[in-house]
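Topology and contacts: notes
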Amino acid sequence: MRRKQSFPELKRKLRNSRVPQQGMGKIYLKAAKSCMVKGADYAKNEIERLQRLLEKSISPAKADEFTLKKNILSAFA
């Protein structure tokens, strides 16, 4: 399967990365792994869960974190 073959390559590229966006890369890598392990519906379900959390009263920092995760997960939905 192409995705499973790509995961070690993504991990290697992230490890070798020295750019400020490395934190986002870690979130992307975690999302990719979760999608492979938990199935195709994982991204859609997680986006919906994060949206419900964003609709509640949360701190601006948490809102930024959840929005970032939603944006990254949208690449897998």
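Basis of the calculations
- Residues numbered from 1 in each chain as written.
- Predicted model: local features only at pLDDT ≥ 70, side-chain atom pairs only at ≥ 80, totals over all residues.
- Heavy atoms only, no water.
- Axes fitted to C-alpha atoms, helices over the stretch in contact; angles between N-to-C directions.
- Helix = DSSP H or I, 4+ residues; strand = E, 2+ residues; numbered from the N terminus.
- Parallel < 35°, antiparallel > 145°, perpendicular 65-115°, else oblique.
- Left-handed = near helix turned anticlockwise from the far one by under 90°.
- Contact = heavy atoms within 4.5 Å.
- Nonpolar A, V, L, I, M, F, W, Y, C, P; charged D, E, K, R; others polar.
- 1 Å grid on protein atoms, 1.4 Å probe; cavity = no way out; pocket = protein on both sides within 12 Å on 5 of 7 lines; lining within 4 Å.
- Points joined across faces, edges and corners; volume = space filled by probe spheres on them.

The protein goes by protein disulfide-isomerase C17H9.14C-RELATED in an unreviewed UniProt entry, where it is assigned to Salix koriyanagi.

Moving on to the packing of helix 3 (residues 41-54) against helix 4 (residues 60-73). In a packed pair of helices, the relevant descriptors are the angle between the two axes and the axis-to-axis distance. One can describe the packing of helix 3 onto helix 4 by two numbers: an axis separation of 9 Å at closest approach and a directional angle of 160 degrees. It follows that helix 3 is roughly antiparallel to helix 4 by the angle criterion. Judged by the twist between their axes, the crossing of helix 3 over helix 4 is left-handed. For the pair helix 3 and helix 4, the contacting residues are Tyr-42, Ala-43, Glu-46, Ile-47, Leu-50, Gln-51, Leu-53 and Leu-54 in the first and Ala-63, Phe-66, Thr-67, Lys-69, Lys-70 and Leu-73 in the second. Here the contact of helix 3 with helix 4 is built from residues that sort into 9 nonpolar, 2 polar and 3 charged.

Further remarks concern the environment of Glu-65. Within the element layout of this structure, Glu-65 appears in helix 4. When the C-alpha positions of Glu-65 and Leu-54 are compared, they lie 10.0 Å apart, and in sequence the two are 11 residues distant.

Here the largest pocket defines a volume of roughly 230 Å³. Forming the boundary of the largest pocket are Ile-27, Lys-30, Ala-31, Ser-34, Lys-38, Tyr-42, Glu-46, Arg-49, Leu-50, Phe-66, Lys-69 and Leu-73. Elements with a minimum of two residues in the lining of the largest pocket: helix 2 (22-38), helix 3 and helix 4. For the lining of the largest pocket, the element with the most residues is helix 2, which contributes 5 residues. Taken together, the residues of the lining of the largest pocket sort by class into 6 nonpolar, 1 polar and 5 charged.

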